[in-house]
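Listed below are the residues making up each chain.
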Amino acid sequence: MFKPFRCGRATVLAAALLAASVAMSASAADIKSGLKIAFVPKQINNPYEVIADDGGMAAIKEMGGQGKVVGPSDAGASSQVSYINTLITQRQDAVVIAANDANAVVPYLKKAMSQGIKVVTFDSDTAPDGRQIFVNQADSESIGRGQIQLLSKLVGGEGEFAILSATPNATNQNTWIKWMQEELKKPEYAKLKLVKIAYGNDDDQKSFVETQGLLQAYPNLKGIVAPTSVGIAAAARYISSSPAKGKVVVTGLGTPNQMRAFVKNGTVKAFQLWDPGQLGYLAAFAAANLASGTITGKEGDSFEAGKLGKRTVGKSGEVILGPPTTFDSANIDKFNF
Ligand code: RAM
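Okay, so let's go over this structure. (Residues numbered from 1 in each chain as written. Predicted model: local features only at pLDDT ≥ 70, side-chain atom pairs only at ≥ 80, totals over all residues. Heavy atoms only, no water.)

**Overview of the side chain of T228**
1) Next: Along the polypeptide, T228 turns up in the loop between β8 (221–226) and α8 (229–240).
2) Next: Using a relative accessible area of 2% as the deciding quantity, one classes T228 as buried.
3) Next: In terms of polar contacts, T228 uses its side chain to reach the backbone amide nitrogen of V230, at 3.1 Å.
4) Next: Setting aside residues no more than four positions away along its own chain, T228 makes contact with L164, S165, A166, Q173, D202 and L253. (Helix = DSSP H or I, 4+ residues; strand = E, 2+ residues; numbered from the N terminus. Buried < 20%, exposed > 50% of the residue type's maximum accessible area, 1.4 Å probe, protein only. Polar contact = N/O pair within 3.5 Å; in protein donor to acceptor, adjacent residues only side chain to side chain. Contact = heavy atoms within 4.5 Å.)

What follows is the structure in C-alpha cells.
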C-alpha cells in the first residue's frame, strides 16, 4: 500500500487520507480464523435456499470459521426479525441474509451493524442502509429482461401471459418484475400481453392453487413466467397433469434438479438460473472479508473468493456472481443442483 518516504506530519496525514479513500484489496491470507458467520435464508425449507446455504457453509469451513443457518419456514416480511435479534445476542461476526422485505428487517440489521456485526445480503437485498454488501446472483436488469426475451421466444412473440411470483414484498422478484415490465415496452412485444401478476408466496401449495386460478381466469393464457424456483416447479407440476400441457408455456427461474422431470416430459421447454451454491459461497467470502477488516464494502474493494477467484465490489456495495444459464433438454443433465 502507500509508503510514506518522509515522516513529517503532513505526509502522515496525506497517507491517512489516501488510505481512507482508496479501495482495499484483500488476499486469502488476510481472513481471520474462527469467524462466526450465520446465514439467514428467506425460508429454511426452500430447496434453492438450502443449496445456497450449503455453498455458504462450505466456504466458511474452507476459511476455518464457524457457520450456521437459521431462519423461518415462511417467507413473510417480518419472519426473519426474531432470528436477527438472536444472532445479535450471540455476537456473531457476520450475518448473511436473503431478505424477505426491503425494509422490515433494516432496523434490526442496523442494530447488528452498530454493534460491529457485518451484514451481507444475498439473493434478495434490503434498502442499501441495511447492509454493507449485496451479493447479487446476476445483474437484476439482465435477469428481468432475459425472462421476457425467453418467454417471447417460447410463445412465438404473442398472446396473454401471467407472472407467478414469490411474495408481494420480495425485493429480488419485485426488481426483476420491474425490469420485465420495462422490456415489455419495446415494440417487438406489442402482441405480448401481461394479464396478471399472481403471488404464490414461495409456498408450493399456494403456488399450485394460483396456477390453477390463472388457467381458469384466463382461458386464452399462452404462458406463465415464474421468477421463483418454488413457483415454477409448482406451476409445472400443475400443468403437467392438466389439459393445458403443451398449450401453456411455463418458464422462469428454477433449479435443474426440481425441473428435470418437467423438461423430460415436455411440460417445460426452457428456464433459467445461476448456481445457488456459488451464490452462497461468494456471500460467505464477502462476509468473512468484511469481518476480517480487509474490505469495508466500498466500491472498488476487492477480495479473493476461493474457487471463484477475485471479486470486486461495484456501485452501491453490489458484488455480482455472473450471468444466468438457460437450461433445456439439451443441457439439463449437465447440471446437478
Ligand atoms: C426462490 C426464491 C429466491 C429466488 C429463486 C429464483 O427460491 O424466491 O429468492 O432467487 O426462487
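**Focus on the side chain of S292**
1) Next: Assignment of secondary structure puts S292 in helix α10 (residues 276–292).
2) Next: Owing to a relative accessible area of 12%, S292 belongs among the buried residues under this scheme.
3) Next: Setting aside residues up to four positions removed in sequence, S292 forms contacts with D30, I31, K32 and L35.

**Details of the site of the ligand**
1) Next: Taken together, 15 residues form the shell around the ligand, and within it K42, D123, Q173, D202 and S229 come nearest.
2) Next: In this structure, D123 approaches the ligand through a side-chain N or O atom, which is 2.5 Å from an oxygen atom.
3) Next: Considered on its own, the ligand offers 290 Å² of accessible surface; in the complex 100% of this is hidden by protein.
4) Next: Looking at the shell around the ligand element by element, the count peaks at three residues for helix α6 (residues 171–184).
5) Next: Per-domain counts for the shell around the ligand show at least three residues from each of domain 1 (32–137 + 276–322) and domain 2 (140–273). (Near = heavy atom within 4 Å. Areas by Shrake-Rupley, 256 points an atom, 1.4 Å probe, with all protein chains shown as cover. Domains from an automatic or database assignment.)

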